[in-house]
Every structure is written in structure tokens, then in C-alpha cells.
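Secondary and tertiary structure notes
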Amino acid sequence: MDRVDGWKGPMPWKDNPDNPKYYKQMVPTTRKPSWGDFFYWVNEYYSHGEHAVIYTDQRTPKNLIKVINTDITDSESNWEMADFMEDNWQRNVEGLPRIYSFTRCEVQSGIKNPLQDRVATTNAPYVEVMRVLDMDKGDELAMWVMEKADYVGLTHPDLTKKEMIDRVASAAQNITERTGELISDLRPPNYGFRQDGTAFIFDFNVGAHTKSQSPLKGESLRDYYAKRIEINEKV
């Protein structure tokens with residue numbers, strides 16, 4: 001696939017990963033990111049969860065690429081998350097990770113094959129990982145490039161446990177206030193911290209919530225989220 005900027009291969013990593021011009025060069029302002037861009041960016045298999053597979057970004061160790069199949073039939077959470085990220089990835093919502101690129105595309109060999117190959121060349125349980133994506137022809141993938149947390153879970157060395165819980169709760173509160181969505185699944189593997197101590201949440205669920213998963217009458221959002229974080233941290 002030819003790029004409109006004329007580039008034929010992966011862009012070499014520059015010295016400063018925070019240079020805002022870097023990503024503008026990678027995705028010209030004349031168009032949205034496409035699966036062809038992600039074809040160049042996806043590097044090595046990193047990890048997987050119940051609904052997503054994570055890859056490293058060959059341009060920088062500071063970012064990760066998350067891939068989900070929005071047409072998974074056993075849950076609506078993937079397309080709800082894809083809609084959420086598509087609506088908010090450019091809004092700079094405090095509490096979310098920095099999202100540098102987002103795209104949705106139909107499963108086709110051009111992107112399916114490298115996603116499979118990047119797993120097959122590692123010691124990861126290939127069948128288990130591929131079952132997460134479950135890519136059939138005609139399915140829709142959503143992919144986004146996000147910053148990688150310096151510390152995952154309640155592990156920041158310069159903060160107390162209470163300080164970390166408070167900061168993650170504040171991040172969740174701000175996401176809800178900015179997007180109107182109540183979020184859940186605030187487990188330690190799903191949030192983290194930057195070096196400066198700011199918290200962000202990179203994996204969560206949106207959509208319908210049960211009564212037990214909603215704030216009590218008179219309970220503040222921040223207190224509600226802090227309580228959920230404490231409960232999930234002990235599980």
C-alpha cells in the first residue's frame with residue numbers, strides 16, 4: 001500500500017519520543033491513520049488479555065499497540081470500547097493514556113498475517129492468543145497506538161498505596177466526567193503511572209452496569225472509584 005507521503009517503509013525512531021512532529025510525520029494530516037500504517041508499526045507480541053492482544057511499536061519502546069476484534073460474538077464490550085476510543089482518542093482526556101493513532105478496518109490478509117506472525121515467532125501460547133482475536137474474514141478490527149505505563153498497578157516507588165489509589169480514582173472520575181461513561185474493571189493490570197506520578201487507565205469496560213457496579217446515592221464518583229480499586233486490588 002503506497003502512503004500519500006511517499007514513504008515506503010518504517011520511519012526510523014528519532015531521538016526525542018515526545019516530539020509532536022514525529023507522529024504528524026507518520027500520519028499526514030491529509031488523511032486518517034489506516035491499517036497500512038499499523039502494518040508498518042506492529043512489532044513484537046507483548047501480552048494479551050480476555051479481549052485484546054498487545055504488540056510493541058517498532059518505532060519506540062515507549063508505546064504499545066492494542067488490537068481488538070469488534071465482532072467477537074460472546075460480548076459487546078469490544079465494539080463498545082472501539083466506539084469509546086474512536087470518539088475520545090483525540091480529545092486529550094486526562095486519565096486516559098495518550099493515544100497517538102486509531103483505526104478500524106476489515107480483517108484481510110494484509111493485516112491478519114503480520115498480527116499472527118508476530119505471535120508465532122515468540123514463545124507465547126499461539127492458539128490461546130489467536131483465540132482472543134478470533135479473526136474471520138469480514139470481521140472488524142480496531143487498533144490504536146497508546147503510551148506505555150512506566151509502572152503498572154499500584155507500584156510507583158515514590159507514592160504510598162493511598163496516594164496511588166487516590167490518583168487512579170481521580171483519573172477514573174475525570175474520564176467519566178469528560179466522556180459521560182461510567183467505567184469498570186479497575187484491576188491493577190489495567191492502570192498505571194508515568195514517572196511523574198500521574199495515573200492513567202489503559203484498559204477498562206464501558207457500557208451497561210449492574211446496581212452493585214454503580215455509585216450509591218450520595219456517593220461521589222471519586223469515592224466510588226476508590227472503593228472499587230481497593231476491592232479489586234485485594235482479589
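Our subject is the structure that appears above.
Below: a short report on this structure. Sequence order as written defines residue numbering, which begins from 1 separately in each chain. A pLDDT threshold of at least 70 governs which residues receive local features in this predicted model, and a stricter bar of 80 or more applies before side-chain atom pairs are shown or counted, although totals over entire chains, interfaces and linings include all residues. Remark: hydrogens and water are excluded; side-chain values derive from all non-hydrogen atoms of the structure.

This part is about the overall build of the protein chain. Per the convention used, a helix needs a DSSP run of H or I reaching at least four residues, while a strand needs a run of E reaching at least two, with both numbered from the N terminus. Across its full length, the protein chain carries 7 helices and 8 strands. Note on contacts: a residue pair qualifies if any of its non-hydrogen atoms lie within 4.5 Å across the two residues. Within the protein chain, contacts between residues at least 6 apart in sequence are counted, and of these 69% link residues at least 24 apart. Here the accessible surface of atoms and residues is derived via Shrake-Rupley with a 1.4 Å probe, and residues count as covered only by protein chains that are part of the display. Counting every atom, the protein chain has about 12400 Å² of accessible surface; 47% of that belongs to carbon and sulfur.

Attention now goes to the packing of aromatic side chains. Only centres within 6.5 Å qualify two rings of Phe, Tyr or Trp (six-membered ring in Trp) as a pair; their planes then separate them into stacked at under 30 degrees, edge-to-face at over 60, and tilted for everything else. Using the criterion set out here, one finds 6 aromatic pairs in the structure. Between the aromatic rings of Phe39 and Tyr40, the centroid separation amounts to 5.5 Å while the plane-to-plane angle is 75°, which identifies the pairing as edge-to-face. By definition, being over a ring means that NZ of Lys or CZ of Arg is both within 6 Å of the ring centre and within 35 degrees of the ring normal. Taking NZ or CZ as reference, Arg59 lies 4.0 Å from the ring centre of Trp41, over its face.

It is worth spelling out the side chain of Asp57 at this point. Turning to its location among the elements, Asp57 is positioned in strand S2 (residues 53-57). A polar side-chain atom of Asp57 sits 2.5 Å from a polar atom in the side chain of Arg59. Any N or O atom pair separated by 3.5 Å or less is treated as a polar contact, with the protein-specific requirement of one donor-capable and one acceptor-capable atom, and with residues adjacent in sequence counted only for side-chain atom pairs.

What follows deals with helix H4 (residues 109-120). One less than the number of residues in a helix, times 1.5 Å, gives the span that helix is expected to have. Its 12 residues give H4 an end-to-end C-alpha distance of 16 Å, which sits within 8% of 16 Å, the value for a rise of 1.5 Å per residue. The buried label goes to any residue with under 20% of its type's maximum accessible area, the exposed label to any with over 50%, and the partly exposed label to all in between, with areas taken from a 1.4 Å probe on protein chains only. For H4, every residue scored as buried is listed here: Ile111, Pro114, Leu115, Gln116 and Val119.

So, about the sheet that holds strand S6 (residues 151-152). Strand pairing within a sheet occurs via backbone hydrogen bonds; the two strands may be parallel or antiparallel. Criterion used throughout: strands pair if DSSP finds at least two bridges between them. Spatial ordering of the open sheet is given by S6-S7-S8, a layout of 3 strands whose pairing is antiparallel. The open sheet terminates on both sides in strands that have one partner only, identified here as S6 and strand S8 (199-201). Contacts from helix H6 (residues 161-179) reach strand S7 (191-193) and S8 within the one sheet, and its direction differs from that of S8 by about 50°. For helices, the axis comes from a line fit to the C-alpha atoms of the stretch in contact; other axes are also lines fit to C-alpha atoms, and the angle between any two N-to-C directions lies between 0 and 180 degrees.

In spatial order, the strands read S1-S2-S3-S5-S4; together these 5 strands make up an open sheet with antiparallel pairing. Only two strands of the sheet have a single partner each, and these edge strands are strand S1 (42-48) and strand S4 (99-106). Across the sheet, the mean angle from the axis of one strand to that of its neighbour is 25°, orientation sign disregarded. Pairing geometry for strand S3 (residues 60-69) and strand S5 (residues 140-147), over 7 bridges, is antiparallel. Across the sheet, residue Lys66 finds its bridge partner in S5, namely Trp144. Of the strands in this sheet, S3, S4 and S5 touch helix H3 (residues 77-88), which is tilted by about 130° from S4.

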